[in-house]
Amino acid sequence: MNLIRVVVLVVLALSACDNSGPTARSDPQTAASLQQMKSAIAAATGYSSDSLEILVGAAHMRISISDSKLAEEDQAGRESAATAILSAAEQSMAADARFGSIQQVSVAIIHPAAEGANAASHTEDVVDFRRAPSQRFSKHIS
């Protein structure tokens, strides 16, 4: 077997093994729950629901917020906003058993590309939260 085939087979095997990460769920009930969560986060934080994206897997949720002003905040400001986003998400999660298996929530602060600029948007910061024995999420420091 030549090297290219081995590499292709290894890549295919590895990609088939990991389906646990956050993804866009396609079932209508989960999509509706995620839309309600986006609305709750937007109402609680003042960010536009259009600037939010939520991906969810069996144990991990990733909430992305695309906001240039937030991305330019200092570390403490971004962490404070991430905590507020998490707090609103936690309330929605508590009301929906579908999210009971979530053990980690990552809040990604995205710096959007300026209009007309050649630069692409990029992730400015990610704040991770883990479910504690109390069932509340707390900031994870790695």
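A brief look at the structure comes next. (Residues numbered from 1 in each chain as written. Predicted model: local features only at pLDDT ≥ 70, side-chain atom pairs only at ≥ 80, totals over all residues. Heavy atoms only, no water.)

So, the environment of Asp125
- Topologically, Asp125 is positioned in strand S4 (residues 122-131).
- Linking Asp125 and Ile110, residues 15 residues apart in sequence, is a C-alpha distance of 7.2 Å.
- Apart from the residues lying within four places of it in its own chain, the contact partners of Asp125 are Gln75, Arg78, Val107, Ala108 and Ile109.
- Within the structure, the side chain of Asp125 is placed 3.1 Å from the side chain of Arg78, a separation counted as a polar contact. (Helix = DSSP H or I, 4+ residues; strand = E, 2+ residues; numbered from the N terminus. Contact = heavy atoms within 4.5 Å. Polar contact = N/O pair within 3.5 Å; in protein donor to acceptor, adjacent residues only side chain to side chain.)

Points about the sheet that holds strand S5 (residues 137-139)
- Taken together, the five strands give an open sheet; going across it, the order is S1-S2-S3-S4-S5, and neighbouring strands pair in mixed fashion. The sheet is open, and its two edges are formed by strand S1 (52-56) and S5, each paired on a single side. Ignoring strand direction, the axes of neighbouring strands in this sheet form an average angle of 25°.
- Against the sheet, helix H2 (residues 28-45) contacts S1 and strand S2 (60-66), and its axis sits at roughly 140° relative to S1.
- Sheet contacts for helix H4 (residues 75-94): S2, strand S3 (104-111), S4 and S5; angle to S4, the most-contacted strand, approximately 50°. (Pairing = 2+ DSSP bridges. Axes fitted to C-alpha atoms, helices over the stretch in contact; angles between N-to-C directions.)

Describing the side chain of Ser92
- Mapped onto the secondary structure, Ser92 falls in helix H4.
- Ser92 gets classed as buried once you look at its relative accessible area, which sits at 17%.
- Among all residues touching Ser92, those that are not within four sequence positions of it are Met37 and Ala40. (Buried < 20%, exposed > 50% of the residue type's maximum accessible area, 1.4 Å probe, protein only.)

Concerning the pattern of salt bridges
- Considering all chains together, one arrives at four salt bridges under this definition.
- The partner of Arg78 in a salt bridge is Asp125, with the nearest N and O atoms 3.1 Å apart. Note that Arg78 is positioned in helix H4 and Asp125 in strand S4, a separation of 47 residues in sequence. Asp125 carries the same exposure label as Arg78, and that label is buried.
- Measuring nitrogen to oxygen at the nearest pair gives 3.3 Å for the salt bridge that ties Glu79 to Lys139. Of the two residues, Glu79 is situated in helix H4 and Lys139 in strand S5; the sequence distance between them amounts to 60 residues.
- Residue Lys139 is classed as partly exposed on the basis of its relative accessible area, which comes to 38%. (Salt bridge = Lys/Arg side-chain N within 4 Å of Asp/Glu carboxyl O.)

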